[in-house]
Amino acid sequence: MTDTPYAADACPGPCNRRYRKTVDAYLAAQVVHGQALADYEEARPVLEAAFKVAMAAYEEAYGWWKHHADAGVLVVREPISPTFPPPPAPPAEPTEDDLAYRKGDPVWCSRDAGLIRGALTALDDLASLLGSWADGHRGSTASQKYGTTGNRANPGSPSPIGDTLDDLYSQLVKCEDDWREYRGYRRRPQRARDSRARRLTLAFLIDELRDILNHPGSVQFGRAVLWWERTLQEMTKTDPVIQRRPARCPNDRCRQRALWTRADGMIECRACGRLMHEHEYQELVDADDGGTDIQEASRP
Ligand SMILES: [Zn+2]
Ligand SMILES: [Zn+2]
């Protein structure tokens, strides 16, 4: 493991965010203090010269005041002796409470290991959801059916979603390859770079997750997984074109085009409240031959 200023047995997950912030802030304050101390030492000759002048003025003023005071004439207040400027004070040390942290078992605490597992599991749905818009064909379906426009729904144009998903895939595959090599497993079979390959890599990582997270080298991996979940969630949440799903509600009594993706990745019908997972939605889209639309269009 690389050298960190944090306790070696501290869980590197979100549970210790406050602890790491405290340590970081204290270290930063120490650096600032060190610089201030160096500046102070550098300025010392000037400070000393100024102090000498101030001291001489004080002694003169004091003599004058004393002379009058002894004579019983209290004309001015007693002059105050100048003080030499003290060196900058060191930063306050964090208390024991500030430095309390949750231990890893052995690397991650059980809560954060669970968060990482949940995130890794959610990545495929989130990525499929984004991918379904980036690859253009469902994007164009949405534009036709809803009249929405936008770069991301523009088939054939280079897409930021496509780049993001490509990045995600590269990172996941690198993790899979590294882990296979470390464990002495046979190498990853050659696969096309598509959503199925991503699913297989995710499935491999989820299978191996318990062992991976027990490895001290999993700190970056675990954080990256959490980061990816957050990032993809943000992307699906903030893009209205992505939130809206063009298929019809599968509820026979509803059949409304009111499906949208919630922040948690579930797909909900706004008309009847029906909930679906992304893969159920994809099956729905695959089964949709447009028949309902054709009937509707031919209605008088
Ligand atoms: Zn933790
Ligand atoms: Zn419905």
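Just so it is clear, the model here is predicted, and its values are computed rather than measured. All chains use their own residue numbering, which begins from 1 and follows the written sequence. Ligands are numbered from 1 and chains lettered from A, in the order in which they are written. Reporting of local features is limited, given that this is a predicted model, to residues whose pLDDT is at least 70; pairs of side-chain atoms are given and counted only at 80 or more, and all residues count toward the totals for whole chains, interfaces and linings. Excluding hydrogens and water, the side-chain figures rest on all heavy atoms present in the structure.

J.: Can you lay out the overall build of the chain for me, pointing to particular residues and giving the numbers?
T.: Under the DSSP-based scheme used, a helix requires at least four consecutive residues in state H or I and a strand at least two consecutive residues in state E, with every element numbered from the N terminus. A tally of regular secondary structure across the chain gives nine helices and four strands. Scanning the chain from its N terminus toward the C terminus, one meets helices and strands in the order α-α-α-α-α-α-α-β-β-β-β-α-α. When accessible area is computed with a 1.4 Å probe and restricted to protein chains, residues below 20% of their type maximum are described as buried, those above 50% as exposed, and intermediate ones as partly exposed. Within the chain, the proportion of its 300 residues that are buried is 33%. Two residues qualify as a contact provided that any one of their heavy atoms is within 4.5 Å of a heavy atom in the partner residue. The long-range fraction of contacts in the chain, counting pairs at least 24 apart against all pairs at least 6 apart in sequence, stands at 63%. Areas reported as accessible are Shrake-Rupley estimates using a 1.4 Å probe. Residue values count occlusion only from the protein chains shown. Counting every atom, the chain has about 18500 Å² of accessible surface; 53% of that belongs to carbon and sulfur.

J.: I'd like to hear about the nonpolar core, residue by residue, with values.
T.: Across soluble globular proteins, you tend to see nonpolar side chains buried next to one another. Here the nonpolar core consists of buried residues drawn from Ala, Val, Leu, Ile, Met, Phe, Trp, Tyr and Cys, with membership extended through side-chain atoms lying within 4.5 Å. Ile116, Leu120, Leu123, Leu168, Leu205, Phe221 and Leu232 are the most contacted members of the largest nonpolar core, which has 29 residues in total. Listing elements by their share of this core, those giving two or more residues are helix H2 (110-134), helix H4 (160-183), helix H5 (195-214) and helix H6 (218-238). Dropping the residues within four chain positions of it, Phe221 is found in contact with Leu120, Cys175, Leu205, Leu209, Ile212 and Leu213. By size, the runner-up hydrophobic cluster in this structure holds eleven residues, among which are Ala247, Cys254, Leu259 and Leu284.

J.: Mind laying out the coordination of the zinc ion (ligand 2), listing which residues take part and the relevant values?
T.: Sodium, potassium and calcium take a 3.2 Å donor cutoff, other metals 2.8 Å, and in both cases only N, O and S atoms count; water is not among them, so sites may look incomplete. Coordination of the zinc ion (ligand 2) by the protein involves Cys249 (SG), Cys254 (SG), Cys269 (SG) and Cys272 (SG), with metal-donor separations of 2.3 to 2.4 Å. Counting gaps between the donor residues of the zinc ion (ligand 2) yields the pattern C-x4-C-x14-C-x2-C. Taken together, the positions of Cys254 in the loop between strand S1 (244-245) and strand S2 (259-261) and Cys272 in the loop between strand S3 (267-269) and strand S4 (275-276) put the pair 18 residues apart, joining distant regions of the chain.

J.: An account of the sheet that holds S4 is needed here, citing residue identities and associated values.
T.: When DSSP finds two or more bridges between a pair of strands, those strands are recorded as paired. Taken in spatial order, the four strands of this open sheet run S1-S2-S3-S4, and their pairing is antiparallel. Among the strands making up the open sheet, the edge pair consists of S1 and S4.

J.: Provide a residue-level description of the coordination of the zinc ion (ligand 1), including the pertinent values.
T.: The coordination sphere of the zinc ion (ligand 1) contains the protein donors Cys11 (SG), Cys15 (SG), Cys109 (SG) and Asp112 (OD), at a distance range of 2.1 to 2.3 Å. Going along the chain, you hit the donors of the zinc ion (ligand 1) in the pattern C-x3-C-x93-C-x2-D. Of the two residues, Cys11 sits in the segment before helix H1 (17-70) while Cys109 sits in the loop between H1 and H2, which places them 98 residues apart along the sequence.

J.: Go over the packing of H4 against H5, please, and point to the residues and values.
T.: At their nearest, the axes of H4 and H5 sit 10 Å apart, and the two run at 45° to each other. Classified by the angle between their axes, H4 and H5 sit oblique to one another. Two packed elements cross with a definite hand, and for H4 against H5 that hand is left-handed. Of the residues in H5, those in contact with Leu165, Leu168, Tyr169, Leu172, Val173, Cys175, Glu176, Trp179, Arg180 and Arg183 of H4 are Ala197, Arg198, Thr201, Leu202, Phe204, Leu205, Glu208, Asp211 and Ile212. The residue inventory of the contact of H4 with H5, partitioned by class, reads twelve nonpolar, one polar and six charged. To get an axis, fit a line to the C-alpha atoms, keeping to the stretch in contact for a helix; angles then go from 0 to 180 degrees between the N-to-C directions. Any angle between 65 and 115 degrees counts as roughly perpendicular, while under 35 counts as roughly parallel, over 145 as roughly antiparallel, and the rest as oblique. The sense of a crossing depends on the near helix, which, turned anticlockwise from the far helix by less than a right angle, makes the crossing left-handed and, turned clockwise, makes it right-handed. Residues were grouped as follows: Ala, Val, Leu, Ile, Met, Phe, Trp, Tyr, Cys and Pro as nonpolar; Asp, Glu, Lys and Arg as charged; and all remaining residues, including Gly, as polar.

J.: Kindly report on H5, identifying the contributing residues and their values.
T.: For H5, which comprises 20 residues, the first-to-last C-alpha distance of 28 Å matches the rise-based estimate of 28 Å (1.5 Å per residue) to within 8%. The largest bend in H5 comes to about 65°, at Glu208. Buried residues of H5: Ala197, Arg198, Thr201, Leu202, Phe204, Leu205, Glu208, Leu209, Ile212 and Leu213, and no others. What a helix is expected to span follows from its residue count: subtract one and scale by 1.5 Å. The angle between axes fitted to the seven residues ending at a residue and the seven residues starting there is what we call the bend at that residue.

J.: Tell me about the side chain of Asn16, residues and numbers included.
T.: With respect to the helices and strands, the residue Asn16 is situated in the segment before H1. Look at Asn16 and you get buried, because its relative accessible area is 2%. The definition of a polar contact used here is a pair of N or O atoms within 3.5 Å, where within protein one atom must be able to donate a hydrogen and the other to accept one, and adjacent residues in sequence count solely through side-chain atom pairs. Separated by 2.7 Å, the side chain of Asn16 and the backbone oxygen of Cys11 make a polar contact. When near neighbours in sequence (up to four residues on either side) are disregarded, Asn16 contacts Ala10, Cys11, Tyr101 and Arg102.

J.: Please set out H4 residue by residue, giving values where relevant.
T.: In a regular helix each residue adds 1.5 Å, so 24 residues correspond to 34 Å; H4 covers 35 Å between its end C-alpha atoms and thus fits that length. Those residues of H4 that fall on the buried side of the exposure criterion are Ile161, Thr164, Leu165, Leu168, Tyr169, Leu172, Val173, Glu176, Trp179 and Arg180. A positive backbone phi angle near 75° is found at Gly184, which sits one or two residues after H4.

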